[in-house]
Each structure stands twice: as structure tokens, then as C-alpha cells.
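Residue-level listing of the chains:
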Amino acid sequence: MAKSKKYHYTECGLDYVYLLNGYTERITPYGKAVSITAVEQLHKIIGEAIISSPEPLSGAEIRFLRHELDWSQKRLGSQLKVEGQTVGRWERGETSIDSTADNYIRILYALYALDDSADDIKSFVDMMADLDSKKVHKELKFTKTDESWKTAA
């Protein structure tokens, strides 16, 4: 039986991704060229596999998910309430990510990259990232109407 050829897809930034098909190799005057079918769909499937893994996120996986979100380290950091430099240290493997940030990155990826129908939740999550933790609400006012309770001005 002939051994099946696989392509080691390191271009995604992960050293453990292999393609069994869905790619074409050809020789050019500049060397071997590889063409991959439906790269965006492939990256979504890779992202789903990463966030579904029970193992903590590696630095390369954090970078992959962040790139798929098309976010800067600063933007991801603001969502997690850490400095962008902290995200960079996680990605380079200089420091370990804590489990809360790990879980939240997975949720952010699922929400922003995989769910096209969650605009209200995305707006809420974006608003949370902009919250200033030093601000304190001094007074919340509510009023009862015939139908329900509502926030009062």
C-alpha cells in the first residue's frame, strides 16, 4: 500500500498542523509552491480545534487566534484587562497565561470568529473592554411601568 503524502502546514504559525489533501504542490523557477484550497475555512477549523482542546493555550495558539480575529496585541489585552505587552510575552512563551485569560480568549474567538449572529453580545463585550474600573456608579434608578421595570433617566 502506498504511503499517503501529507503537507506540514507551518505557514499558519503552528508546528503541528498537517494537511492530508486540499492542497496542490508545483515546482516553479523559484522552488516549490503550495496552493491551499479554502484557507479561511481551514483556519476556522484549526481555530475550533484549538479552542476545543483541553490543554492550556500555547503562545503560538494565542497568536494564531489573535491573528484570526485580526486584533492587535493591544486590543486583545484591552479585552482581557492586561497590557498588550503581556499578550506579547504569552505569545513568545516568556510567561504563562492564567486559566481565566485562556478561557476568555477561547470565548472571544468563538464569539467573534465563529458566530456571525451574536452582534448584541459582541457589542456588550466591546463595551466591557472599555469600562474604566475606577468609575463607580453612585446611583442606579429604575421605574415600574404597567408592563415591566425599566431603567430611569
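Read on for a plain summary of the structure.

Reading guide: rules and limits
Residues numbered from 1 in each chain as written. Predicted model: local features only at pLDDT ≥ 70, side-chain atom pairs only at ≥ 80, totals over all residues. Heavy atoms only, no water. Patch = residues over 30% accessible without salt bridge, like charges linked within 9 Å, V, L, I, M, F, W, Y side chains within 5 Å. Areas by Shrake-Rupley, 256 points an atom, 1.4 Å probe, with all protein chains shown as cover. Salt bridge = Lys/Arg side-chain N within 4 Å of Asp/Glu carboxyl O. Helix = DSSP H or I, 4+ residues; strand = E, 2+ residues; numbered from the N terminus. Buried < 20%, exposed > 50% of the residue type's maximum accessible area, 1.4 Å probe, protein only. Contact = heavy atoms within 4.5 Å. Axes fitted to C-alpha atoms, helices over the stretch in contact; angles between N-to-C directions. Parallel < 35°, antiparallel > 145°, perpendicular 65-115°, else oblique. Left-handed = near helix turned anticlockwise from the far one by under 90°. Pairing = 2+ DSSP bridges. Nonpolar A, V, L, I, M, F, W, Y, C, P; charged D, E, K, R; others polar.

## Observations regarding a nonpolar patch on the surface
Now for step 1: Taken together, the side chains of L140, F142 and W149 make up a nonpolar region of the molecular surface, amounting to roughly 410 Å² of accessible area.
Now for step 2: Along the polypeptide, W149 turns up in strand 6 (residues 149-151).
Now for step 3: You can call W149 exposed: its relative accessible area is 58%.

## Describing helix 2 (residues 59-69)
Now for step 1: Where helix 2 is concerned, the buried positions are G59, E61, I62, F64, L65, R66 and L69.
Now for step 2: Close packing links the buried residues of helix 2 with helix 1 (39-52), helix 3 (73-80), helix 4 (84-92) and helix 5 (99-114).
Now for step 3: At the exit of helix 2 stands D70, carrying a positive phi of roughly 60 degrees.

## Looking at the packing of helix 2 against helix 5
Now for step 1: Closest axis-to-axis distance for the helix 2/helix 5 pair is 10 Å, and the angle between their directions is 30 degrees. On the basis of their axis angle, the class for helix 2 and helix 5 is roughly parallel. Taken as a pair, helix 2 and helix 5 cross one another with a handedness that is left-handed. Contact residues: helix 2 offers I62, L65, E68 and L69, while helix 5 offers I105, L108, Y109, Y112 and A113.

## Regarding the pattern of salt bridges
Now for step 1: If you walk through the whole model with that rule in mind, you get six salt bridges.
Now for step 2: For R66, the salt bridge goes to E91, with nearest N and O atoms at 2.5 Å. Of this pair, R66 sits in helix 2 while E91 is found in helix 4, placing the two residues 25 residues apart along the sequence. Each of the two residues, R66 as well as E91, counts as buried.
Now for step 3: Between E94 and R92 there is a salt bridge, with its nearest N and O atoms 2.8 Å apart.
Now for step 4: What you see here is one network of salt bridges that share partners, running through K5, E25 and K32.

## A look at unusual backbone geometry
Leave glycine aside and you will find that most residues have negative phi; peptide bonds, for their part, are mostly trans.
Now for step 1: The residue D70 is not glycine, and still its phi comes out positive at about 60 degrees.
Now for step 2: By relative accessible area, D70 is classed as exposed at 68%.
Now for step 3: One non-glycine residue, K81, lies in the positive phi region at around 60 degrees.
Now for step 4: Examined against the element boundaries, K81 turns out to sit in the loop between helix 3 and helix 4.

## Regarding the pairing of strand 3 (residues 23-28)
Now for step 1: As judged from the six bridges shared by strand 3 and strand 4 (residues 31-36), these two strands associate in the antiparallel manner. Residue pairing across strands places Y23 opposite I36, the latter belonging to strand 4.
Now for step 2: Between the antiparallel neighbours strand 3 and strand 4 lie two residues.

## A closer look at the packing of helix 1 against helix 2
Now for step 1: One can describe the packing of helix 1 onto helix 2 by two numbers: an axis separation of 11 Å at closest approach and a directional angle of 135 degrees. Relative to helix 2, helix 1 is oriented oblique. By crossing handedness, the relation of helix 1 to helix 2 is classed as left-handed. Contact residues: helix 1 offers H43, I46, G47, I50 and I51, while helix 2 offers E61, F64, L65 and E68.
Now for step 2: Taken together, the residues of the contact of helix 1 with helix 2 sort by class into five nonpolar, two polar and two charged.

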